[in-house]
Amino acid sequence: MTATRLIMIDWIGGAVAGALVLFFREWLTRLYSLPPDLLLVIGIANLAYSCVSFTLAMRSHGVTVPYLRVIAVANVAWAVCCAVFTVVW
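First, a word on scope: everything that follows refers to the structure included in this document.

Some words on the overall build of the protein chain
In step 1: Assigned secondary structure in the protein chain consists of 4 helices and 0 strands.
In step 2: Each helix and strand of the protein chain, placed in order from N terminus to C terminus, yields the pattern α-α-α-α.
In step 3: Projecting the C-alpha coordinates of the protein chain onto the three principal axes gives extents of approximately 45 × 25 × 20 Å.
In step 4: Out of the 89 residues in the protein chain, the part that is buried amounts to 27%.
In step 5: Within the protein chain, counting contacts between residues at least 6 apart in sequence, those at least 24 apart form 65% of the total.
In step 6: For the protein chain, the computed accessible surface area is about 5900 Å², with 74% contributed by carbon and sulfur atoms.

Examining the layout of surface pockets
Empty space among the atoms becomes visible once a probe the size of a water molecule is rolled across them.
In step 1: As a volume, the largest pocket reaches approximately 220 Å³.
In step 2: Around the largest pocket sit Leu28, Tyr32, Leu34, Leu38, Leu39, Ile42, Trp78, Cys82, Phe85, Thr86 and Trp89, which together line it.
In step 3: Among the secondary structure elements, those contributing two or more residues to the lining of the largest pocket are helix 2 (25–32), helix 3 (36–59) and helix 4 (65–88).
In step 4: Per-element accounting of the lining of the largest pocket gives the leading share, 4 residues, to helix 4.
In step 5: Residues belonging to the lining of the largest pocket are distributed by class as follows: 10 nonpolar, 1 polar and no charged.

Considering the packing of aromatic side chains
In step 1: All chains considered together, the criterion is met by 5 aromatic pairs.
In step 2: Judged by centre distance (4.8 Å) and plane angle (90°), the rings of Phe23 and Phe24 are edge-to-face.
In step 3: Classification of Phe24 by relative accessible area gives partly exposed; the value is 37%.
In step 4: Ring geometry for Trp78 versus Phe85: centroids 6.2 Å apart, planes at 80°, classification edge-to-face.
In step 5: Overall, the relative accessible area of 22% leaves Phe85 in the partly exposed class.
In step 6: Ring pairs connect the aromatic residues Phe23, Phe24 and Trp27, which therefore count as one cluster.

What to know about a nonpolar patch on the surface
In step 1: A surface patch of nonpolar side chains, about 860 Å² in accessible area, is lined by Ile12, Val16, Leu20, Phe23, Phe24, Trp27, Leu31 and Tyr32.
In step 2: Only helix 1 (3–23) and helix 2 provide two or more residues apiece to the nonpolar patch.
In step 3: Here the element with the most residues in the nonpolar patch is helix 1; it accounts for 4 residues.
In step 4: When you line up the elements, Leu31 lands in helix 2.
In step 5: Judged by its relative accessible area of 44%, Leu31 is partly exposed.

Section: the packing of helix 1 against helix 3
In step 1: Packing of helix 1 against helix 3 leaves a shortest axis separation of 7 Å and a crossing angle of 160°. Taken together, the axes of helix 1 and helix 3 are roughly antiparallel relative to one another. Considering how the two elements wind past one another, helix 1 and helix 3 form a crossing that is left-handed.

Procedures and definitions
In this numbering scheme, every chain counts its residues from 1 along its sequence in written order. Local features in this predicted model are restricted to residues whose pLDDT is 70 or higher, and side-chain atom pairs enter the listing and the counts only when it is 80 or higher, whereas totals over whole chains, interfaces and linings include all residues. Side-chain numbers come from the whole structure's heavy atoms, not from hydrogens or water. Every helix listed is a DSSP run of H or I at least four residues long, and every strand listed is a run of E at least two residues long, numbered separately from the N terminus. Burial classes follow relative accessibility: with a 1.4 Å probe on protein chains only, a residue under 20% of its type's maximum area counts as buried, one over 50% as exposed, and anything between as partly exposed. We call two residues contacting when some pair of their heavy atoms lies within 4.5 Å. To measure how exposed things are, a 1.4 Å probe is used in the Shrake-Rupley method; for residues, cover is taken only from the protein chains shown. Each cavity reported here is a set of points on a 1 Å grid over the protein atoms alone in which a 1.4 Å probe fits but cannot get out, each pocket an open set with protein on both sides within 12 Å along at least five of seven lines, and each lining residue one with an atom within 4 Å of a point. Grid points are joined across faces, edges and corners, and a volume is the space filled by probe spheres set on the points. Ten residue types, Ala, Val, Leu, Ile, Met, Phe, Trp, Tyr, Cys and Pro, are classed as nonpolar, four, Asp, Glu, Lys and Arg, as charged, and the remainder, Gly among them, as polar. Planes of paired rings set the category: under 30 degrees apart is stacked, over 60 is edge-to-face and the rest tilted, where pairs are Phe, Tyr or Trp rings (Trp by its six-membered ring) whose centres lie within 6.5 Å. Nonpolar side chains (Val, Leu, Ile, Met, Phe, Trp, Tyr) within 5 Å and like charges within 9 Å form the patches, drawn only from residues with over 30% relative accessible area and no salt bridge. Definition used for salt bridges: Asp or Glu carboxyl oxygen within 4 Å of a side-chain nitrogen of Lys or Arg. To get an axis, fit a line to the C-alpha atoms, keeping to the stretch in contact for a helix; angles then go from 0 to 180 degrees between the N-to-C directions. For this classification, under 35 degrees means roughly parallel, over 145 means roughly antiparallel, 65 to 115 means roughly perpendicular, and everything else is oblique. Left-handed is the label given to a crossing in which the near helix is rotated counterclockwise from the far helix by less than a right angle, and right-handed is the label when the rotation is clockwise.

Okay, here's the thing in structure tokens:
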């Protein structure tokens, strides 16, 4: 599997996750007792991430390693944010 394909899978995953969170926001609010605004931010963050990931996928022809590092750093940063959300809520 090429690095470009990995970035494209990441882009699709971010877009699907963001769309699902926004679509099911009311249900997720009741299910997890989270503030609706937090779920809105999470959904928008996922969609914004997918836009960046899509851009990197389209630009990754030949120079893929730096873009994979960007994706890896972004995923680690998001994991830290999710850990903070878990502790707070």
